[in-house]
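Here's the letter readout for the chains.
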Amino acid sequence: RIIHSLSSSEKRYFKLFANAKSDRNNKYLILFNAIEAQSVFDDDALRQLIYEGQSIQSRKYSELKAYLLDLILKSLQAYDEKTSISYRMKHILQSIRVLYKRALFDDCFEFLQKGYKFAEKYERHSDVLALCEWEKELAYAKTDIPYLDKSLEQIQTREQKAIAAIQNLKEYRDLFFQLLVSLRKDASLREPAERDRLRQMLQTPLLESIERAASHQAKVLYHRIYVFYYYIIADYNNFYEEGLRLVHLMESQQHFLKEEVKEYISALSNLAISCMRTQNYVALEATLKKIKAIHPLTKDDELKIHRQYYTLYFRWCIDTGNFEEGLRALEQHFQDMPANNARLFETDSFYFQYFYIYFGVGQYDEALDYLNKWLNTPRSVQRQDLQGVARILNLIIHFEMGNTLLLESLLRATYRFLRKRNRLYQYEEAVLQFIQRTTKLQSRKEMKASFVAIKERFAALRDDPRERFMLQLFDLEAWLESKISNTSFAQIKLEKYNSGEFN
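Let me begin by describing the structure that accompanies this report.

What counts and how
Residues numbered from 1 in each chain as written. Predicted model: local features only at pLDDT ≥ 70, side-chain atom pairs only at ≥ 80, totals over all residues. Heavy atoms only, no water. Phe/Tyr/Trp six-rings, centres within 6.5 Å; stacked < 30°, edge-to-face > 60°. Helix = DSSP H or I, 4+ residues; strand = E, 2+ residues; numbered from the N terminus. Buried < 20%, exposed > 50% of the residue type's maximum accessible area, 1.4 Å probe, protein only. Salt bridge = Lys/Arg side-chain N within 4 Å of Asp/Glu carboxyl O. Arc of directions from axis to C-beta. Polar contact = N/O pair within 3.5 Å; in protein donor to acceptor, adjacent residues only side chain to side chain.

Taken as a whole, this structure holds 47 aromatic pairs when the rule is applied. Ring centres of Tyr122 and Phe256 lie 6.2 Å apart, and the angle between their planes is 75 degrees; on these two criteria the pair is classed as edge-to-face. Residue Tyr122 is found in the loop between helix H7 (105-121) and helix H8 (125-141), and its partner Phe256 is found in helix H13 (residues 254-259); the two are separated by 134 residues along the sequence. By the burial criterion, Tyr122 is buried, and Phe256 matches it.

Okay, structure coming up:
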């Protein structure tokens, strides 16, 4: 896994690193090249290649793999030392220790000052504490009492400031992760009790003012918390404004972005969603370009940029009814997706978007295939609310495909699943009753009347926050209107977009 996760430059660096250590014909280099060449891991083939028909000693082969792994990790640490502030700080602290053991105290002070400069610039508060300890230890070792007399108060103030910053940052992180778990468990937060719990969670002095945040990283979390909050309560104007403030804050401190871009990718992604929610498509296009232009620092960054860009682009195509463009982008996405990382895209969010795009262009077999994959994803605490939506859509697509006989058993299974949750939402009940009723209707006039009736029922649910979120995931009203007017689903979505009506 680690060999296939390496970038081309990291692989080149490892081979140079390994060759510097020993003979290029060593077995661990042969093993590295063999694993790199394998598209599917085959341990038996690797054993045969390494030992060339000789008797295979399992213990020695295991030791060889363990040594190769250790060497790869050491080479990556050396590779990261060139750019990572974490490794630079580690180097400074280790250099101070080495010089201290040799009583080169004045030289230690040079590294000490360099360390303070880096640690304070990059908000490495725990490193500041370590440097403060070294500063006191060095003065003590030199028996430099005048230095301690002059500097001790300043050192203690620096320590207190670092400790306060660590505690302040921890409190913002705790709040952020509590909010994140709440969102992932149930993105709709439909029940009044759940929304009250959310409001109580945010009743904290930490969020009274951004001045409460003691560092750049804490300020970033302050904005991220409010971005989440405004998204959850569907206050999309503030969601956009807060997202814009967050991006501007991050872009104002470029040295942090050169060290870590994951949070910046997330911030731009949320800003793009807010642009869609507020129908600010000029800003959306600019934000998508920013995401695509980000320089990835790691393989994970590269994958995340790909994921976020296409997730957002698909969503744009879906919201505007441009399913043909969505299909083109989907095909490009499949081409660009690294083959050995395809599993990273087999998630509920991507399956849903694949389904939606194929549904929009009328390719129902492909749509059903991805809907089934979505239904078969392992159930967990994350997005439990989406399981009910998937089953409702399963009924709708079989209705579209004319699978009347199958619908009867699917209805029973869906009823059982939804009732196990001890809550049946009105939109779910309306669809179930509609499917049950329409499968027995014969005339086109009766069918149209049934479509009109359920569309009116959905319109009455729009203002109910407990129902609105689910109705926004898939535009059931647009689908019903396409049936009533005998127009394509894509055309209705496009007309809604052109008229300024946003689902």
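Glancing now at the pattern of salt bridges. By the definition in use, this model includes 25 salt bridges. Note that Lys290 and Glu251 form a salt bridge whose closest N and O atoms lie 2.8 Å from each other. Remark: Glu251 occurs in helix H12 (residues 236-251) and Lys290 occurs in helix H15 (residues 281-293); sequence separation between them is 39 residues. As a salt-bridge pair, Lys496 and Asp475 come within 2.7 Å of each other at their nearest N and O atoms. Of the two residues, Lys496 sits in helix H26 (residues 489-498) while Asp475 sits in the loop between helix H24 (465-473) and helix H25 (476-485), which places them 21 residues apart along the sequence. The burial state of Lys496 is the same as that of Asp475; both residues are buried. Three or more residues joined by partner-sharing salt bridges are found here, namely Glu260, Lys262, Asp300 and Asp301.

With respect to the element layout, Leu424 can be found in the loop between helix H21 (404-420) and helix H22 (426-438). Along the primary structure Leu424 and Gly388 are separated by 36 residues, whereas in three dimensions their C-alpha atoms are 9.4 Å apart.

Structurally, the α-helix is built with 3.6 residues per turn, so residues lying three or four positions apart point the same way. Of the residues making up helix H4 (residues 43-51), those classed as buried are Asp43, Leu46, Arg47, Ile50 and Tyr51. Taken around the axis of H4, the buried residues stretch over an arc of 110 degrees, which confines them to a single face. With a side-chain oxygen positioned 3.3 Å from the backbone nitrogen of Asp44, the residue opening H4 is Asp42. Trailing H4 by a residue or two, Glu52 shows a phi angle of about 45 degrees, which is positive.

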